[in-house]
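Here is what each chain is made of, one letter per residue.
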Amino acid sequence: MEEIINNNQLIENENAFYTVTMRGLVAFPDMVMTFDVARKKTVQSIESAIAERNGRLFLIAQKDAFTDNPEVSDLYKTGVVAEIKQVLRLPDNIMKVLVKCIYKARLISFNDDGETLVSEVKRIPSHSRAKYDETEINALMRVIKNTFEKYASFFPKMPKELALSVLTQEDPEKLFELIVFNCGIGYKEKQKLLEENNLIHRLSMLVSYLSNENNVLEVEEEIHEQTRENMDKNQRDYFLREQMRVIQEQLGESENEETFRYMSKAMGIDCDAKSREKLIREIEKLSKLPPYSQEAFVIKNYLDTVFELPWGKYSKTKMNISKAENILEKEHYGLKKVKERIIEFLAVYMLNPKIKGQIICLAGPPGIGKTSIAKSVAKAMGRKYARVSLGGVRDEADIRGHRKTYIGAMPGRIITAMQQAGTSNPLILLDEIDKLCSDIKGDPSSAMLEVLDSEQNYAFRDHFIEIPFDLSKVVFIMTANNISAIPAPLLDRMEIIELPSYTAEEKFHIAKEHLVPKQIKEHGLKASQLRITDDSLHDIIRFYTKEAGVRSLERVIASICRKSARKIASEETKKVTVKPENLHDFLGIPKYSADLLSKENQAGVVNGLAWTSVGGVIMPLEVLVLDGTGKTEVTGSLGDVMKESSRIAVSYVRSIAGKYNINPEFYKNKDIHIHAPEGAVQKDGPSAGVTMTTALVSALSGIPVRADVAMTGEITLHGKVLPIGGLREKTMAGYKAGIKTIIIPADNKPDLEEVDDVVKENIQFIYAENLSDVLGNALLTE
């Protein structure tokens, strides 16, 4: 460890001086200069120099201006001994010092004792005694003067006396000093000039440094000139207005601060030049209007709306596929195919965030979670979420906004959603897009074309805003109940994801895992205070609700929670358990009965499977054969397609009458009555073809039909069985009704992948290619 030497001992040497290490400054002999000091050691060194050395001190430049505590290796070797002429103490312990430099000196040693800085120096000559060529000196002086004249042209405010002194100076030493003392040459170059004693070398170096400085200044001037040329009128006006504001403030004149606030915002938003010009024109118009006039109010409302939009503001989207899967699984039960498609959608966005044109429409019956899925997607993508309800919208202005000249004008729903989201890349849910209406006020679905078209929506123009706004970074998700109600051009821009209705099993899991805990919490109850058994949930689903989704189911559960809360609050009981036996006490008599089902093997009655808006149901078909004149009667609110299926069935039975010992003249002397129970419920579709044919053959032949068999399928005149839809819901209905065998079209075999595992485990499936397969398995011929 080195011993620290006290500077009080060193300063007794006549060649030792208190020292100031200069940052970015170089002193020369005969130079008068001022500088500020704030470092504690430097301030103490100056005060010690005044007290002990008659104000003499050593000035030496640091190699790096940012070094706070320099060591000897951080200093140059050549400096100047100077005499302090004046000291001015400023606040914050800052000292301004005026010095007269005396002679050049070389650094021998440097000591820092923690209080002051002291250097031992050796005086060296300021000039070389070597003789020089007068001609060369004169040539150098002429070049220096010309170079300095060019340098001075870059500084119009340079004192004329200085320029005149340089241009008329005949002494090369004084010419050197005049230029070095007053020109903005870098401190490293000045240090090299200080260390050089040879006059010719010094003048040559000065020419080089000065020429280089001229080149830099020339380039700077070109840059400034180019910048001034590129500065558009709007920026120029802005700066002039700022200057005018400052001038008026100095004069004490009043000024509309609001105008300048709007102008600052107009210059700060991320929009194109034409849009900025439009805004500035509006601001200029506002500045000339009385502050409380109606037109001023309209313009201020317009400007506030424009500046509230998220111009150039984007959410940081960090997507993680496994995290997205967890979010979807946690918040939604079932919907396996839908979740897979959503994850694929998110994966593409993760790999290519700039992709355009992916617009998803979630289609399905009410109450199955379309809106909540969109929220989950926004959460998984890390985007802001905004919802636009389109149900009943019949005015184009609801989408595009109203012209701001109208009283009470406002932007359209899309721009309003962007304001609510606060970013330019949110996820916007366009809810119930199939409910858009059109009338004499316009067609809002046509206005939606521009919103959803990725080739146009980068410059969406709202009638109120009047300037283009970029919607290309927005993710649009739509919901619809009936896609057939969506206009074809709009439908063409979407990718449809069908959400099927929930099966009874899925409803049970949703109720148990999500709805019951949610309603218990919302009603101020605890899980220990209310328990709804599994059998009770199954009965609630079966006898008190009939829907595709779970909204009514949630309302029924809420009703149970309310009644339970009343019992607990009145201290009637401390704990409530809902069982099938006491379900009547909470909900009253059942609202719906179990599906009608043929439970006995009998002729003319067949269990069919149907799909409705609330899911799959058992639909038994009855056929009665009567003596008559060959009429066919169809009842039960059947649609045109089902009526056509009945006529196909009659024609096919006539073609196979001999095979089943049916009177071939039955179509002349027998009346046939086909009926589908629950006559108030509308029924239609081709999938009852196999059911009607089987019932007809059974009734005409007297052969009973198996009661444990249900069937579905469309038929042709030649007896082929064609595929149908809704297989998942239909098979679940058969399973819940206790059916053991279901006959389905052979072409529907791949669709069994979507059927619940519990159904496939408990039901035998028969794949029918033609009606012979159906009749062979459904009729009890033995």
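Coordinates for the structure precede this section.
Residues numbered from 1 in each chain as written. Predicted model: local features only at pLDDT ≥ 70, side-chain atom pairs only at ≥ 80, totals over all residues. Heavy atoms only, no water.

**Observations concerning the overall build of the chain**
Phase 1 of the analysis: Counting its regular elements, the chain contains 28 helices and 24 strands.
Phase 2 of the analysis: Taken over the C-alpha atoms alone, the chain extends approximately 145 × 65 × 55 Å along its principal axes.
Phase 3 of the analysis: A fraction of 73% describes how many contacts in the chain between residues 6 or more apart in sequence connect residues 24 or more apart.
Phase 4 of the analysis: For the chain, the exposed surface amounts to about 40,600 Å²; the carbon and sulfur share of it is 49%. (Helix = DSSP H or I, 4+ residues; strand = E, 2+ residues; numbered from the N terminus. Contact = heavy atoms within 4.5 Å. Areas by Shrake-Rupley, 256 points an atom, 1.4 Å probe, with all protein chains shown as cover.)

**Some remarks on the nonpolar core**
Phase 1 of the analysis: With 56 residues, the main nonpolar core has Phe 35, Leu 59, Phe 148 and Ile 179 as its most contacted residues.
Phase 2 of the analysis: Apart from the residues lying within four places of it in its own chain, the contact partners of Phe 35 are Val 20, Met 22, Leu 25, Leu 59, Met 95, Lys 96, Val 97 and Val 99.
Phase 3 of the analysis: Ile 327, Met 381, Val 516 and Val 576 belong to the second largest nonpolar core, which has 53 residues in total. (Core = buried A, V, L, I, M, F, W, Y, C linked by side-chain atoms within 4.5 Å. Buried < 20%, exposed > 50% of the residue type's maximum accessible area, 1.4 Å probe, protein only.)

**Quick notes on the packing of aromatic side chains**
Within a pair of aromatic rings, the relevant descriptors are the distance that separates the centres and the angle that separates the planes.
Phase 1 of the analysis: Considering all chains together, one arrives at 7 aromatic pairs under this definition.
Phase 2 of the analysis: Of the aromatic side chains, those joined through ring pairs into one cluster are Phe 28, Phe 176 and Phe 181.
Phase 3 of the analysis: A cation over a ring is seen here: Arg 202 above Phe 176, with NZ or CZ 4.8 Å from the ring centre.
Phase 4 of the analysis: Between Arg 261 and the ring centre of Tyr 262, over which it is positioned, the NZ or CZ distance is 4.9 Å. (Phe/Tyr/Trp six-rings, centres within 6.5 Å; stacked < 30°, edge-to-face > 60°. Lys NZ or Arg CZ within 6 Å of the ring centre and 35° of its normal.)

**Regarding the side chain of Asp 434**
Phase 1 of the analysis: Mapped onto the fold, Asp 434 is located in the loop between strand S9 (427-431) and helix H17 (444-452).
Phase 2 of the analysis: Using a relative accessible area of 8% as the deciding quantity, one classes Asp 434 as buried.
Phase 3 of the analysis: Within the local environment of Asp 434, its side chain forms a polar contact with the backbone nitrogen of Asn 481, the two atoms lying 3.2 Å apart.
Phase 4 of the analysis: If we skip the residues at most four places from it in the chain, Asp 434 touches Thr 479, Ala 480, Asn 481, Asn 482, Ala 485 and Ile 486. (Polar contact = N/O pair within 3.5 Å; in protein donor to acceptor, adjacent residues only side chain to side chain.)

**Some remarks on the pattern of salt bridges**
Working definition: two side chains of opposite charge can pair if their charged atoms are close together.
Phase 1 of the analysis: Throughout the structure, instances matching the rule amount to 24 salt bridges.
Phase 2 of the analysis: The closest approach of N and O atoms between Asp 112 and Lys 41, which form a salt bridge, is 2.7 Å. Of the two residues, Asp 112 sits in strand S5 (residues 94-112) while Lys 41 sits in helix H2 (residues 40-52), which places them 71 residues apart along the sequence.
Phase 3 of the analysis: According to the relative accessible area criterion, Lys 41 is partly exposed, its value standing at 22%.
Phase 4 of the analysis: Residues joined in a network through salt bridges with shared partners are Lys 278, Glu 282 and Glu 466. (Salt bridge = Lys/Arg side-chain N within 4 Å of Asp/Glu carboxyl O.)

**Considering the environment of His 332**
Phase 1 of the analysis: Take His 332: it is sitting in the loop between helix H12 (321-331) and helix H13 (336-351).
Phase 2 of the analysis: Residues within four places of His 332 in sequence aside, it is in contact with Lys 339, Gly 369, Ser 372, Ile 373 and Ser 376.

**Considerations on the sheet that holds strand S7 (residues 360-363)**
Phase 1 of the analysis: Overall, parallel pairing links the 5 strands, which are arranged S8-S9-S12-S7-S13 in an open sheet. Each of the sheet's edge strands pairs with one partner strand only, and the pair in question is strand S8 (385-389) and strand S13 (495-498). Averaged over all neighbouring strand pairs, the angle between strand axes comes to 25 degrees, with direction disregarded.
Phase 2 of the analysis: Pairing of S8 with S9 involves 5 bridges; the strand directions are parallel. Bridged to Ser 389 within S9 is Asp 431.
Phase 3 of the analysis: Its contacts with the sheet place H13 against S7, strand S12 (475-480) and S13, and it is angled at close to 145 degrees to S13.
Phase 4 of the analysis: Along the sheet, helix H16 (residues 413-421) contacts S8 and S9; its crossing angle with S8, the most-contacted strand, is approximately 155 degrees. (Pairing = 2+ DSSP bridges. Axes fitted to C-alpha atoms, helices over the stretch in contact; angles between N-to-C directions.)

**Points about helix H4 (residues 160-168)**
Phase 1 of the analysis: If you check which residues of H4 are buried, you get Leu 162, Ala 163 and Val 166. On an axial view of H4, the arc spanned by its buried residues comes to 95 degrees, and they lie on one face. More than 90 degrees from the buried face of H4, the exposed residues found are Lys 160, Glu 161 and Leu 164.
Phase 2 of the analysis: The elements touched by buried residues of H4 are helix H3 (134-153) and helix H5 (172-182). (Arc of directions from axis to C-beta.)

Note that all results are geometric; they support no functional claim without further evidence.
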